[in-house]
Amino acid sequence: MQLIQQDPDLSAYLAASDVIDHGHPLVRATAARLAAGAADPHDYARRAFEYVWDAVPHSHDADDPRVTWRASDVLEQRTGICYAKAHALTALLRAEGIPAALCYQYLGVVHGLVAVWFDGAWHRQDPRGNKPGVDARFSLRGERLAFTPDTAAGEQDHPVLYAAPHPAVVQALRSARDRSHLWQTLPTTLEEQGCLEQGRP
């Protein structure tokens, strides 16, 4: 699949926002701590991935009712579903000057991923965290994502790389009272593509 930059300007994938708040002191401090032990930007990106992947449990796997959406809150509260964890990883990457995009799969519901820019190409990563049957890894040589879409069931990869989280994702996270409520309101489409998705956020 050919990935498509929503914004042709690579600098858009370094921007901070209310959601990807990589200027926040906690994000900066976490990035600095991870960068201190990194051999190079590739190693830093791997460390950032593994931190979000491992130190921030997926709230569904952990049965945590809290809903986070802002990157700094994800890192502070150490919980989040796939979208929230993708926001945190994107912020950590951008904090160290590494372009990062938000991207998605259709798995019955929209599932959130991150793409990182290295060596003139985008590489998708899935920081949701592993569980039985799920074995995602950081990789710049072939994708190691948590899920492979079942095309026979209408699942598919969404090729667009967003500089900011999709509005449908942000709205679902911000309006949820708790994770149980969020589970009833997860986005099932990204409107501009008109595609349906459901199932394994």
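In case you missed it, the structure is sitting above this.
Please read all numbers here as calculations on a predicted model, not as lab measurements.

Attention shifts here to the overall build of the chain. A count of helices and strands for the chain gives 6 helices and 8 strands. Order of helices (α) and strands (β) in the chain, N terminus to C terminus: β-α-α-α-α-β-β-β-β-α-α-β-β-β. Relative to the compact-globule value of 17 Å for 201 residues, the chain shows a C-alpha radius of gyration of 15 Å, a close match. For the chain, the residues scored as buried account for 53% of the 201 residues in total. For the chain, the share of sequence-separated contacts (at least 6 apart) that also reach a separation of at least 24 residues comes to 62%. Total accessible area computed for the chain in this model is approximately 8,900 Å², and 48% of it derives from carbon and sulfur atoms. Where the 19 positive side-chain charges of the chain centre and where its 25 negative ones centre are 5 Å apart.

On to the nonpolar core, then. In globular proteins that are soluble, nonpolar side chains generally tend to be buried together. Within the largest apolar cluster, 50 residues are counted, with the highest numbers of intra-cluster contacts made by Tyr 83, Leu 92, Leu 93 and Tyr 104. Those elements giving two or more residues to this core turn out to be helix H1 (25-36), helix H2 (41-55), helix H3 (71-77), helix H4 (82-95), strand E2 (100-106), strand E3 (108-118), strand E5 (156-162) and helix H5 (167-175). Ranked by residues supplied to this core, first place goes to H4 with 10 residues. When residues no more than four places from it in sequence are discounted, the contact partners of Tyr 83 are Tyr 104, Val 110, His 111, Gly 112, Val 169, Leu 173, Leu 186 and Pro 187. Ranked by size, the runner-up nonpolar core spans 11 residues in total, among them Ala 12, Ala 101, Trp 122 and Leu 161.

The next subject is the state of the cysteines. On inspection of all chains with the given rule, the structure shows 0 disulfides. Among the cysteines around Cys 82, which has no disulfide bond, Cys 103 carries the closest sulfur, lying 11 Å off.

The rules behind each value
Residues numbered from 1 in each chain as written. Predicted model: local features only at pLDDT ≥ 70, side-chain atom pairs only at ≥ 80, totals over all residues. Heavy atoms only, no water. Helix = DSSP H or I, 4+ residues; strand = E, 2+ residues; numbered from the N terminus. Rg over C-alpha atoms; globule rule 2.2 N^0.38 Å. Buried < 20%, exposed > 50% of the residue type's maximum accessible area, 1.4 Å probe, protein only. Contact = heavy atoms within 4.5 Å. Areas by Shrake-Rupley, 256 points an atom, 1.4 Å probe, with all protein chains shown as cover. Lys, Arg positive; Asp, Glu negative; His and termini not counted. Charge placed at Lys NZ, Arg CZ, Asp CG, Glu CD. Core = buried A, V, L, I, M, F, W, Y, C linked by side-chain atoms within 4.5 Å. Disulfide = S-S within 2.5 Å.

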